[in-house]
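Secondary and tertiary structure notes
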Amino acid sequence: MSRIEIERREIRGFSGSVAAEAARNLELLGAIESTLAWLTRLTSTLKVDIAFGTQLAEDIGNLTEVVDPDNSLEAAMLEAQQSVESLYDLLIAKREAGRRDRQLTEDDGIEAAYTEAIAAAADLHNLLNSLRWQIGEHDIDATPHEVREENLYSDPDALLDSLLSLRK
């Protein structure tokens, strides 16, 4: 084999290698770009939900009537909270997979985007929990309570005796 044939073979091999590597890099960049777009959209949605929930919390504080008489809202919010918890767990697992992927670098922004989405999911989960408690507390306060004459004590000693009798 002549020198020129060897050079041509090396050039062909080099060209093929470069083309294959470039195609792989384009696929990786496309996957990174797609993942970042999905995480950005998800994080934005979570933040909008947080803003909406925060406004709900303010609005509930201004109401005087019972909000959730049949506890259906509490059940719906608990289900939403559990869904957000599942999303949170999935995001943590995906972030960890990204950390282990040797093709990714810090400059790609994948880990940071997952971390931001995880924080937003945690904030929404906590907000839902607070809202559930707030509604429950509000409804207890908004429920009319009947004071019966037999439950009134004019003598502190009689009240103390009644309370102590409950321990027996």
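We now turn to the structure provided with this report.

1. Some details on the environment of Glu85
Examined against the element boundaries, Glu85 turns out to sit in helix α2 (residues 72-100). Separated by 37 residues in sequence, Glu85 and Ala122 place their C-alpha atoms 7.7 Å apart.

2. Brief notes about the nonpolar core
Formed by 23 residues in total, the largest nonpolar core has its most connected members in Leu39, Leu46, Leu91 and Leu124. Broken down by secondary-structure element, the contributors of at least two residues to this core are α1 (3-61), α2 and α3 (110-142). Sort the elements by how many residues they give to this core and α3 lands first, with twelve residues. When sequence neighbours within four positions are dropped, the list of residues in contact with Leu39 reads Leu91, Ile110, Ala113, Tyr114 and Ala117.

3. Describing unusual backbone geometry
What is expected of a backbone is that most residues other than glycine have negative phi and most peptide bonds are trans. Despite not being glycine, Asn71 shows a phi value in the positive range, around 65 degrees. Mapped onto the elements, Asn71 comes out in the loop between α1 and α2.

4. Quick word on the packing of α2 against α3
Their axes nearest at 9 Å, the elements α2 and α3 cross at an angle of 165 degrees. The angle between the axes of α2 and α3 places the two elements in the roughly antiparallel class. With respect to the hand of their crossing, α2 and α3 are arranged in left-handed fashion.

5. Brief notes about a nonpolar patch on the surface
Taken together, the side chains of Tyr153, Leu159, Leu163 and Leu166 present a nonpolar region at the surface, about 410 Å² in accessible area. Among the secondary structure elements, Leu166 is positioned in the segment after α4 (156-165).

6. Details of the pattern of salt bridges
All chains considered together, the criterion is met by six salt bridges. Among the salt bridges present, the one from Lys47 reaches Glu116, with a minimum N-O distance of 2.8 Å. Here Lys47, found in helix α1, pairs with Glu116, found in helix α3; they are 69 residues apart in sequence, far enough to count as distant. With a closest N to O distance of 2.7 Å, Arg99 and Glu111 form a salt bridge. With Arg99 in helix α2 and Glu111 in helix α3, this pair connects stretches of sequence that are twelve residues apart. Residue Arg99 is classed as partly exposed on the basis of its relative accessible area, which comes to 42%. Overall, Glu111 belongs to the partly exposed group, its relative accessible area being 39%.

Analysis parameters
Residues numbered from 1 in each chain as written. Predicted model: local features only at pLDDT ≥ 70, side-chain atom pairs only at ≥ 80, totals over all residues. Heavy atoms only, no water. Helix = DSSP H or I, 4+ residues; strand = E, 2+ residues; numbered from the N terminus. Core = buried A, V, L, I, M, F, W, Y, C linked by side-chain atoms within 4.5 Å. Buried < 20%, exposed > 50% of the residue type's maximum accessible area, 1.4 Å probe, protein only. Contact = heavy atoms within 4.5 Å. Axes fitted to C-alpha atoms, helices over the stretch in contact; angles between N-to-C directions. Parallel < 35°, antiparallel > 145°, perpendicular 65-115°, else oblique. Left-handed = near helix turned anticlockwise from the far one by under 90°. Patch = residues over 30% accessible without salt bridge, like charges linked within 9 Å, V, L, I, M, F, W, Y side chains within 5 Å. Areas by Shrake-Rupley, 256 points an atom, 1.4 Å probe, with all protein chains shown as cover. Salt bridge = Lys/Arg side-chain N within 4 Å of Asp/Glu carboxyl O.

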